[in-house]
Amino acid sequence: MSKKPVVLVTRQLPKAVEQRLSQDYDARLNATDKIYTTDELITLAEGADAIIPCHTEDLRGDVITRLPASVRAICCFSVGYDHVNLDAAKARQITVTNTPEVLSEATAEIAMLLMLGAARRGFEAQQQIRTNTWADWTAAHDLGLQVSNKRLGILGMGRVGQFMAQFARGFGMQIHYHSRNQLDSAIEQGAIYHESAEALFSHSDILSIHCPANAETHHLLNAERIQLLPDNAIVVNTSRGAVVDDDALIEALQSGKLFAAGLDVFNNEPNIDPRYKTLINTFLLPHVGSATIETRDAMGFRALDNLDAIIANQKPKDLLV
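Trainee: I'm lost on the overall build of the protein chain in this one. Help?
Mentor: Looking only at helices and strands, the protein chain has 13 helices and 12 strands in total. By the compact-globule yardstick of 20 Å for 321 residues, the protein chain fits well, its C-alpha radius of gyration being 21 Å. In terms of its C-alpha atoms, the protein chain occupies a principal-axis envelope of roughly 75 × 50 × 35 Å. The 321 residues of the protein chain split such that 49% are buried. Each charge class in the protein chain can be summarised by its mean position, and for the 29 positive and 39 negative side chains these summaries are 4 Å apart.

See below:
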């Protein structure tokens, strides 16, 4: 009987995914779901044919250089791959894949939740209930903003952005967007394209960020661009924290330039800037954009489909390098 390929799984995955993995591979599972240190990860990868990491693992260049020679594939359990140095992987001839498409709808749902929670002062309302400070109904206080018929600016009109636009149309919102390329009119469905982020911001009562994190988008939302947003605008981010300059966003929230922000992703997660926690005009979630049973299973199966192809010396569907 041939020996099963060895796969290091860096975090605990859904049961259905781990069951399939264990049937076909010699799986080194993470039963305690701890985040491995770099040294632990490299030690555990000894003799492994592949690694299935999540976004919590920092596979920067020097880490990939230290990986055992046996490792031939990194199959990310994520759509984002900014935690993997693709150049270093390519130099080592390690195949890298991700899991696009399957989490787009769930992430867009969270973007809608963040938008509504921020616009309707959801954090403050929850606090009143949980701290018994809700005195009575009032006509003049706790007033939020309606999102209906507002201008929604989508920064990055990929799969998640397109689902966000689809959902927002149900609220009668006017869709504006910026992406590297303009979409076909059939996909746009009346959405208005802007050739630059700066042009988009001035037309965004609510700005929803859906672009990837890379050198070009690092701190794209900075103080200068925030000033281009209309007064009392709302910022929503479900992409990556690195797209946002925390100092600039926090200052705009404190000054009243922005009405509120809804954030699911942050710089330096989970050790986020503590100032966010002191602001009543923030609606904060702990990076749960894809956290549904259906989506996490689909992500795992997509990663395993890619792994199966690599082990069979075939081209995986979601090849990055």
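Structure's up, so let's keep going.
Trainee: Is there a simple way to explain the sheet that holds strand E2 (residues 26-28) in this structure?
Mentor: Within a sheet, each strand pairs with its neighbour through backbone hydrogen bonds, oriented either parallel or antiparallel. Strand order in the open sheet formed by five strands is E2-E1-E3-E4-E5, with parallel pairing between adjacent strands. Two strands close off the open sheet at either side, each with one partner strand: E2 and strand E5 (95-97). When strand polarity is set aside, the average angle formed by the axes of neighbouring strands in this sheet is 20°. Across three bridges, strand E4 (residues 73-75) lies against E5 in parallel orientation. Opposite Ala73, over in E5, you have Thr95 as the bridge partner. The sheet contacts of helix H13 (residues 293-311) involve strand E1 (6-9), strand E3 (50-52), E4 and E5, and relative to E4 the element is tilted by about 160°.

Trainee: Before we go on, may I ask you to explain the pairing of strand E9 (residues 206-209) in this structure?
Mentor: Here is the key point about a regular strand: its side chains alternate between the two faces of the sheet. Residue alternation in E9 divides its side chains into two sets, Ile206 and Ser208 and Leu207 and Ile209, and both sets are buried. For strand E6 (residues 151-155) and E9, the ladder comprises four bridges, and the chain directions are parallel. In the sheet register, Ile154 faces E9, and the bridge partner there is Ser208. Where E9 and strand E10 (residues 233-237) come together, four bridges link them in parallel fashion. Bridged to Leu207 within E10 is Val235.

Trainee: Would you mind showing me how to read helix H1 (residues 15-24) here?
Mentor: Since one α-helical turn is 3.6 residues long, residues separated by three or four positions face the same way. The set of residues buried in H1 consists of Val17, Glu18 and Leu21. Projected onto a plane normal to the axis of H1, the buried residues spread over an arc of 95° and lie on a single side. With respect to the buried face of H1, the exposed residues turned more than 90 degrees away are Lys15, Gln19 and Gln23. Contacts made by the buried residues of H1 are with E1, E2, E3 and H13.

Trainee: Help me understand the sheet that holds strand E8 (residues 192-193) in this model?
Mentor: If you walk across this open sheet you meet the seven strands as E8-E7-E6-E9-E10-E11-E12, and the pairing is parallel. Taken across any chain shown, the strands that pair with only one partner, and hence form the sheet edges, are E8 and strand E12 (282-284). In the packing of helix H5 (residues 104-119) onto the sheet, contacts are made with E6, E9, E10, strand E11 (258-263) and E12, and the angle to E11 comes to roughly 145°. Helix H11 (residues 246-255) rests against E10, E11 and E12 of the sheet, and its axis sits at about 135° to E11.

Trainee: Whenever I open this one, H5 confuses me. Can you help?
Mentor: The first and last C-alpha atoms of H5 sit 22 Å apart over 16 residues, in line with the 22 Å expected at 1.5 Å per residue. Extensive coverage of H5 is indicated by the burial of 12 of its 16 residues. Within the sequence span of H5, burial applies to Ser104, Ala106, Thr107, Ala108, Ile110, Ala111, Met112, Leu114, Met115, Gly117, Ala118 and Ala119.

Trainee: Would you mind showing me how to read the packing of H5 against helix H7 (residues 159-169) here?
Mentor: Between two packed helices, what matters for the description is the angle formed by their axes and the separation of those axes. Running from N to C, H5 and H7 point in directions that differ by 50°, and their axes come no closer than 8 Å. Between H5 and H7, the angle is such that the two are oblique. Remark: the crossing between H5 and H7 carries right-handed chirality. Contacts between H5 and H7 pair Ser104, Glu105, Thr107, Ala108, Glu109, Ala111, Met112 and Met115 from the former with Arg159, Val160, Phe163, Met164, Phe167 and Ala168 from the latter. Taken together, the residues that form the contact of H5 with H7 break down as nine nonpolar, two polar and three charged.

Trainee: Sorry if this is basic, but what is going on with the pairing of E6 here?
Mentor: Within E6, four of the five residues are buried, leaving the element largely enclosed by the surrounding structure. In this region the chain leaves E6, passes through H7 and returns to the parallel neighbour strand E7 (residues 174-178); the handedness of that crossover is right-handed.

Conventions and cut-offs
Residues numbered from 1 in each chain as written. Predicted model: local features only at pLDDT ≥ 70, side-chain atom pairs only at ≥ 80, totals over all residues. Heavy atoms only, no water. Helix = DSSP H or I, 4+ residues; strand = E, 2+ residues; numbered from the N terminus. Rg over C-alpha atoms; globule rule 2.2 N^0.38 Å. Buried < 20%, exposed > 50% of the residue type's maximum accessible area, 1.4 Å probe, protein only. Lys, Arg positive; Asp, Glu negative; His and termini not counted. Charge placed at Lys NZ, Arg CZ, Asp CG, Glu CD. Pairing = 2+ DSSP bridges. Axes fitted to C-alpha atoms, helices over the stretch in contact; angles between N-to-C directions. Contact = heavy atoms within 4.5 Å. Arc of directions from axis to C-beta. Expected span 1.5 Å × (residues − 1). Parallel < 35°, antiparallel > 145°, perpendicular 65-115°, else oblique. Left-handed = near helix turned anticlockwise from the far one by under 90°. Nonpolar A, V, L, I, M, F, W, Y, C, P; charged D, E, K, R; others polar. Right-handed = clockwise from strand over helix to strand, strands pointing away.

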